[in-house]
Structures are given as C-alpha cells and as structure tokens.
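What follows is the residue order along each chain.
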Amino acid sequence: MPLNKSTGNMYDFITHTWNTIKGECPHGCSYCYMKRWGKQPPLHFDEKELKTDLGKNNFIFVGSSCDMFAENVPFDWVHKTLEHCKKHPENEYLLQTKNPDKLAMFFQMLLNKYFSLCTTLETNRTYRAIMNTSPSILDRVLSFAKIPAERKYITVEPIMDFDLPEFITMIKHCNPRKVNIGADSSPKRNKLPEPPKEKILELIAELEKFTTVVQKKNLARLLK
C-alpha cells in the first residue's frame, strides 16, 4: 500500500502519514477532525498496512487519524506498528498521543534517534465535555515529563482558554524541544472556548524563553 502524503493542516515538517490502527478513536474528543467524515467504523487493526513501503528520507506521522496509544488499543497492534517503523530506519517518525503513560510502556523500542515523541496539551484546564474520555491534562504532563527522551514535542492544538502561569509551568516541566501552537480549524462547528489574541501572544513570549515555538497556519485566525 502507498504512503499517504501529508495534506491539510498538518505540521510543516511532516511529509507523510501512516495509520495501521483505524476507526473511531477511543478518546472521543468533540473537536476531532475525523468527525467531518461522519461516524467512523469500530476500532480495528489494518494488517494490509504492514505491507506498506515506508521508503526513506521521509518524516512520517504514525497514527495521525486515531490515537494509537489510547488505553484500550491492544498492545500487540502498537508493537507491530513500531516494529515496521524500525525496518525503515532511514525515516523519521512522529508519535503523538494524549496518553503518554502508555507511550512510556514502549520507550525501550523508541530509543532510536528517528522517533520523536509528542503529547497534546490544548490548555492547562480540563474541559471534560470537550475532551471526553482522554486523560486529564495533569496526567498527560506528569507522564510525559517522566519520559527521558531528547526529542520531545508538545502540541497546543486546538488551543483553548488557559491560565498562563499554570500552563507555562506544565509545559516547562515536560522539557519539550519544540512547542507547536494551532487553532481549531472548524470553529463554527466546534465552538471551543478560545483565548484572546493578547493572551496567546503572552503565552508565546513566555514559551520562547526556554523552547522553540512554531505557530501553525491556522493560528492566524486568532491573532488577527
């Protein structure tokens, strides 16, 4: 099967996406971009994807359509996926999750320099009606901070209203190499509690004191 080229509101550094674990994400976040294609099929593992030639010199977002480290995703599915990545060490791979506690279980497989680890922190607050069953922000921070990887990223997307001192402390505790900040791409549909421009600019200024900040293109809507 061919690799999917990166399109839409993806990270600029990502060239392709690859998904072995497909279907409805267990976290059920209200803003999930997959909802635009309607109800997803039940969670399943697509064995055919293990025949995919991942090529070389690519930066592949593995599990872009469903959080492959969600609590009830079978261990074996994740293990098979990572083993296939390791067969193509000429690439780089992004592993992003809202459940870094489970990601940490696979850390011994991820010591290679071609894996970058990322967690999502949309805010420091817990908006349970929006985040549904995904781990709390505090749980994500505590788990991600314990992972002794060098290539750690944090994604603040879709950014939601936050408390600046607390949010800065949480992000700094994770020691990220880079923080990506983006906004909701479907604001009319999702109606998220978004922070004002001034607050976002203050967040960026504080983050730049200790890490690299990348503003995704969709953030421009909130910075007008």
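These figures come from a predicted structure and were not determined experimentally.

*Asks:* Go over unusual backbone geometry with me, naming the residues and quoting the values.
*Replies:* Peptide bonds are, in most cases, trans, and in most cases residues other than glycine have a negative phi. Looking along the chain, the bond that leaves glutamate 157 and enters proline 158 is cis, with omega of -5°. Structurally, proline 158 can be placed in the loop between β8 (152-156) and α5 (164-174). Phi is positive for asparagine 132, close to 55°, though the residue is something other than glycine. Along the chain, the position of asparagine 132 falls in the loop between α3 (128-131) and α4 (137-146). Not every positive phi belongs to a glycine, and lysine 191 is a case in point at roughly 50°.

*Asks:* So what's going on with the layout of surface pockets? Residues and values would help.
*Replies:* A volume near 1,300 Å³ is recorded for the largest pocket. Along the walls of the largest pocket sit 48 residues, with Cys32, Tyr33, Met34, Ser64 and Ser65 positioned nearest its centre. Contributing elements (two or more residues each) for the lining of the largest pocket: β1 (4-5) and β6 (92-97). The residue makeup of the lining of the largest pocket, split by class, is 13 nonpolar, 22 polar and 13 charged.

*Asks:* Could you give an account of the packing of α5 against helix α7 (residues 197-207), naming the residues involved and the relevant values?
*Replies:* The relative placement of two packed helices comes down to the angle between their axes together with the axis-to-axis distance. Packing of α5 against α7 brings their axes to within 11 Å, and their N-to-C directions diverge by 35°. At the point where α5 passes α7, the crossing takes the right-handed sense. Side by side, α5 and α7 meet where Leu164, Phe167, Ile168 and Ile171 of the first sit next to Glu202, Leu203, Glu206 and Leu207 of the second. Of the residues contributing to the contact of α5 with α7, the split by class is six nonpolar, no polar and two charged.

*Asks:* Give me the lowdown on the nonpolar core, citing residues and values where you can.
*Replies:* Judged by nonpolar contacts, the single largest core of 61 residues is most densely connected at Leu82, Leu95, Ile159, Ile181, Leu203 and Leu219. Top element by residues in this core is α5. It accounts for six residues. Counting residues in each nonpolar core, the second largest holds eight residues, with Ile14, Phe61, Leu94 and Cys118 among its members.

*Asks:* How would you sum up the environment of isoleucine 204? Please name residues and give values.
*Replies:* Along the polypeptide, isoleucine 204 turns up in helix α7. Remark: the alpha-carbon pair of isoleucine 204 and isoleucine 181, spanning 23 residues in sequence, is separated by 8.7 Å. Excluding residues within four positions of it along the chain, isoleucine 204 makes contact with Ile181, Val213, Gln215 and Leu219.

Criteria and thresholds
- Residues numbered from 1 in each chain as written.
- Predicted model: local features only at pLDDT ≥ 70, side-chain atom pairs only at ≥ 80, totals over all residues.
- Heavy atoms only, no water.
- Helix = DSSP H or I, 4+ residues; strand = E, 2+ residues; numbered from the N terminus.
- 1 Å grid on protein atoms, 1.4 Å probe; cavity = no way out; pocket = protein on both sides within 12 Å on 5 of 7 lines; lining within 4 Å.
- Points joined across faces, edges and corners; volume = space filled by probe spheres on them.
- Nonpolar A, V, L, I, M, F, W, Y, C, P; charged D, E, K, R; others polar.
- Axes fitted to C-alpha atoms, helices over the stretch in contact; angles between N-to-C directions.
- Left-handed = near helix turned anticlockwise from the far one by under 90°.
- Contact = heavy atoms within 4.5 Å.
- Core = buried A, V, L, I, M, F, W, Y, C linked by side-chain atoms within 4.5 Å.
- Buried < 20%, exposed > 50% of the residue type's maximum accessible area, 1.4 Å probe, protein only.

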